[in-house]
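The residues making up each chain are set out below.
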Amino acid sequence: MTLPVIFRRVLATTRTARWRRPEGRPFRLALMSGAAALALGATLLPAQTFAWGQAPATQTQTQSTGQSAAAAVGPQSFADVVERVKPAVVAIKTKALEAGGGPEEGFPGMPPELSPDDPLYRFFRHFGEPPGGRGRQKHMTQALGSGFVITGDGYVVTNNHVVEHATQVEVTFDDGRTLPAKIIGTDKRTDLALLKINDGNNLPHVDWASSSPRIGDWVIAVGNPFGLGGTVTAGIVSARGRDIGAGPYDDFIQIDAPVNRGNSGGPSFDEHGQVIGVNTAIYSPSGGSVGIGFAIPSEVAKDVIAALKDKGQVARGWIGVSIQPITPEIAESLGLKTAKGALIAQPQRGGPAEAAGLKAGDVVTAVDGQKVDGPRDLARRIATLGPGKTAELTYLRNGAEKNVKLKLGKLPSEKETAAAESNDDGVEPGAALAAYGIEVAPAAEVRGGRSGEGLIIVGIDPNGAAAQKGLRQGDVIVEANGQTLKARGDLQAAIDSAKKEGRKSVLLRVKSPEGARFVALSVNPAS
């Protein structure tokens, strides 16, 4: 049976060792111990080839061919590099006041193994409640993480999730010194934070790498796993450009240098002692290292940190669109040769894109003449340009390439989402599209004569072809192949039209509580 595998941030917590999943459900972190060894200074003997039954060549024969007796690979030791950079890596300890103490989470002083059936449970419950009866008490929590000093006067880089909600922050150096620090700024979208050590003066510090690492390059991780400060591990860069669903600007470096809870915010160095990334997450079935860690690249981190140092926040460019990837099915339905670019699902009302005339269904293929691979690529480029700048977008509409210049706005602190109107449970079933397992009705009818666009899905077979594409009851199908849907038969007519044109799928624009998106629905649902 396959073990569940999830992404876990590598933050170590003490006492109240809890972390919340993205959906907000708490779970307890299981502390783990383990060991990992890396053979350094290994050498490879030259390969020898010989026929079956033939003795291998002697050393003299090998040398006579001009081959070296041994080819060294990698550094003999990382000791010199570690000795130079380790003093700049710090352990971070935070304290935060958090709500808790509800019936489902136990009460102050209650033994964790105590069940609700135990007579002592009532005692702890009674004396754990705040004055006035039941309620959620606030309690102090502690957390441990890592960081690194980037300036002699004490600026420290770490992860946002290490210091989030912290009321007190302390950093401990490798020599045992513990100094208080304050939070200068944080950026949730990249999970980065900048601290400042109080009264910092002539502190050991490290530099950002001047070039990006290649896959296969050595990497050294230094941090505070499980509170064991000053821990050094090593490995290689395993991959680049990883998207782990942590945020809109995911572009992680994957490393196999072992990192665990508590390594969060610590640096990954190259073999020259320059910072190539900020350790942030691991991929693990158990919470411990399995050799798959993720670091924020230095080229991303140093720009964010510079903005936090200068202004205390990061201002990003914004064009005001909901975008999505182009799947092969969507590319075919749009008549595109490749599945490249970013598909605009919905321009936001009043945003720069709407003002420039961009519409749902347009495919952005380039920014200022540079090709766009997908939504993440577009989001990063627009964000990097910054608010107030002018950008030229190249896009496709109905197969024709167009260009438009627009002035970028500032990315809001919270993204606006399209409002979706609830479905009336008393609606009469609409036109049946039995082959897809859905029933639809005009939005205006469903909403009791109020204005509305498209067809609302009023019934759906959870095992049908439409449900398998992610459609749900209450979703509104606004368009099919660029044509607005109004009457019950419009959807079937669009499907029939796509068949006649030789297309394999019909492209639907769908609105739901999560916003607008495109769905490619096969014209042959049984296939």
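Shown above is the structure to which this text applies.
Report on the accompanying structure. This one's a predicted model, so the numbers in the text were calculated from it and none came from an experiment.

Here the structure, examined in full by the defined rule, presents three cavities of 30 Å³ or more. Along the wall of the largest cavity there are 15 residues; nearest its centre are Arg 189, Thr 190, Asp 250, Phe 252 and Ile 296. Considering only residue class, the lining of the largest cavity consists of six nonpolar, three polar and six charged.

Counting 29 residues, the largest nonpolar core has Phe 148, Ile 150, Val 157, Trp 208, Phe 269, Val 278 and Ile 305 as the members making the most contacts within it. For this core, the secondary structure elements donating two or more residues are α2 (79-85), β9 (155-158), β12 (192-197), β13 (218-223), β17 (275-284), β18 (293-297) and α5 (298-311). Among the elements that make up this core, the one with the highest residue count is α5 (four residues). Once residues within four sequence positions are removed from consideration, Phe 269 is found in contact with Val 85, Val 89, Val 206, Trp 218, Val 219, Ile 220, Val 222, Gln 274, Val 275 and Ile 276. Judged by nonpolar contacts, the second largest core, of 21 residues, contains Ile 438, Leu 455, Leu 471 and Ile 495.

Let us look at the pairing of β12. Counting buried residues along β12, six of its six residues qualify, which places the element largely inside the surrounding structure. Residues Leu 192, Leu 194 and Lys 196 point to one face of β12 and Ala 193, Leu 195 and Ile 197 to the other, with burial holding for every one of them. Of the pairings in the sheet, the one linking β9 to β12 comprises four bridges and is antiparallel in character. Bridging from a neighbouring strand, Val 157 pairs with Leu 194 of β12. Pairing of strand β11 (residues 178-187) with β12 involves six bridges; the strand directions are antiparallel. Across the sheet, the residue bridging to Thr 186 is Ala 193, located in β12. As consecutive antiparallel partners, β11 and β12 are separated by four residues, and within that stretch Asp 191 has a phi angle of approximately 60°, a positive value.

Okay, helix α11 (residues 490-500) next. Every buried residue of α11 is accounted for by Leu 491, Ala 494, Ile 495 and Ala 498. For α11, the angular spread of the buried residues around the axis is 100°, confining them to a single face. Just beyond α11, the residue with positive phi is Gly 502, at close to 80°.

About the cut-offs
- Residues numbered from 1 in each chain as written.
- Predicted model: local features only at pLDDT ≥ 70, side-chain atom pairs only at ≥ 80, totals over all residues.
- Heavy atoms only, no water.
- 1 Å grid on protein atoms, 1.4 Å probe; cavity = no way out; pocket = protein on both sides within 12 Å on 5 of 7 lines; lining within 4 Å.
- Points joined across faces, edges and corners; volume = space filled by probe spheres on them.
- Nonpolar A, V, L, I, M, F, W, Y, C, P; charged D, E, K, R; others polar.
- Core = buried A, V, L, I, M, F, W, Y, C linked by side-chain atoms within 4.5 Å.
- Buried < 20%, exposed > 50% of the residue type's maximum accessible area, 1.4 Å probe, protein only.
- Helix = DSSP H or I, 4+ residues; strand = E, 2+ residues; numbered from the N terminus.
- Contact = heavy atoms within 4.5 Å.
- Pairing = 2+ DSSP bridges.
- Arc of directions from axis to C-beta.

Note that all results are geometric; they support no functional claim without further evidence.
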